[in-house]
Amino acid sequence: MPTDIQKDLVNEYIDKVWNRGDLVALDELTSPAFTYRLGDQPPRDRDAMKQFLTITRSAFPDWRVEIADIIIEHETAAVRWFGTATHQGAFHGILPTGRQVRVSGINMYRITGGKIVEEWEQTDSLSLLRQLE
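None of the values given here were measured: they were computed from a predicted structure.

Draft legend 1. Molecular detail of the overall build of the chain. For the chain, the count of helices and strands is four helices and five strands. Moving toward the C terminus, one meets the helices and strands of the chain in the order α-α-β-α-β-β-β-β-α. Projecting the C-alpha coordinates of the chain onto the three principal axes gives extents of approximately 45 × 30 × 25 Å. Scored against the burial criterion, the 133 residues of the chain give a buried share of 40%. Restricting the contact set of the chain to residue pairs at least 6 apart, pairs at least 24 apart contribute 55%. In the form shown here, the chain has an accessible surface area of approximately 7,200 Å², with 54% of it arising from carbon and sulfur atoms. Looking at charge distribution, the chain has the averaged site of its 15 positive side-chain charges lying 3 Å from that of its 20 negative ones.

Right, here's the structure in full:
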């Protein structure tokens, strides 16, 4: 798959799934065997990812990812990003604060057959939690 098409796929995924919370797009842009990994948490399949996105967006409904860098190598895309959102719902037991937060992270995507098969995420969760104190 050409690099520019892989880059377009990842950009579309981030825009539709992460920025808009479009769960239909999650099904369209990922393989049925899709796996999402966040830090050392247990892996999530597509259904568990939908639950995770729903919970996350209920706490941060205006979540927005800005891509700082994207690098494609073979079947892997690496994305360095910044996320901004307003804390408007409960998050890990923290009641809504109304605070605007900004976090950073790096995600890796494995692409096969024109679909995202795996996503690995490392987020600066400590910074996020400190901003909610």
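And the narrative resumes.
Draft legend 2. A look at the side chain of Glu119. By the element assignment, Glu119 lies in strand 5 (residues 115–123). Lacking a salt bridge, the buried Glu119 has Arg44 as its closest oppositely charged neighbour, with an N-O distance of 9.6 Å. A polar contact of 2.9 Å, which involves the side chain of Glu119, links it to the side chain of Asn107. Excluding residues that lie within four positions of it along the chain, Glu119 makes contacts with Tyr13, Trp18, Phe34, Thr35, Tyr36, Arg37, Met49, Asn107, Met108 and Tyr109.

Draft legend 3. Main features of the pairing of strand 2 (residues 64–73). Relative to strand 3 (residues 76–86), strand 2 runs antiparallel, the two sharing nine bridges. Looking across to strand 3, one finds that Asp69 is bridged to Arg80. Between the end of strand 2 and the start of strand 3, which pair antiparallel, lie two residues, with His74 showing a positive phi angle near 55 degrees.

Draft legend 4. Molecular detail of the pattern of salt bridges. Counting across every chain of the model gives eight salt bridges. Linking Glu118 and Arg110 is a salt bridge whose minimum nitrogen-to-oxygen distance equals 2.5 Å. Residue classification places Glu118 among the buried residues on the basis of a relative accessible area of 14%. Bridged by salt links that share partners, the residues Asp15, Arg20 and Arg64 form one connected network.

Draft legend 5. Examining a nonpolar patch on the surface more closely. On the surface, Ile106, Met108 and Trp120 cluster together into a nonpolar patch covering about 250 Å² of accessible area. Looking at where Met108 falls in the secondary structure, it is placed in strand 4 (residues 100–112). Relative accessible area serves as the criterion here: at 32%, Met108 is assigned to the partly exposed category.

Draft legend 6. Main features of helix 1 (residues 3–19). With 17 residues, helix 1 extends 23 Å between its outermost C-alpha atoms, agreeing within 8% with the 24 Å of an ideal straight helix rising 1.5 Å per residue. Gln6, Leu9, Val10, Tyr13, Ile14, Val17, Trp18 and Asn19 are the residues of helix 1 that are buried. Trailing helix 1 by a residue or two, Gly21 shows a phi angle of about 70 degrees, which is positive.

Here is what the cut-offs are and how they apply
Residues numbered from 1 in each chain as written. Predicted model: local features only at pLDDT ≥ 70, side-chain atom pairs only at ≥ 80, totals over all residues. Heavy atoms only, no water. Helix = DSSP H or I, 4+ residues; strand = E, 2+ residues; numbered from the N terminus. Buried < 20%, exposed > 50% of the residue type's maximum accessible area, 1.4 Å probe, protein only. Contact = heavy atoms within 4.5 Å. Areas by Shrake-Rupley, 256 points an atom, 1.4 Å probe, with all protein chains shown as cover. Lys, Arg positive; Asp, Glu negative; His and termini not counted. Charge placed at Lys NZ, Arg CZ, Asp CG, Glu CD. Salt bridge = Lys/Arg side-chain N within 4 Å of Asp/Glu carboxyl O. Polar contact = N/O pair within 3.5 Å; in protein donor to acceptor, adjacent residues only side chain to side chain. Pairing = 2+ DSSP bridges. Patch = residues over 30% accessible without salt bridge, like charges linked within 9 Å, V, L, I, M, F, W, Y side chains within 5 Å. Expected span 1.5 Å × (residues − 1).

Purely geometric stuff here, so don't read any function into it on its own.
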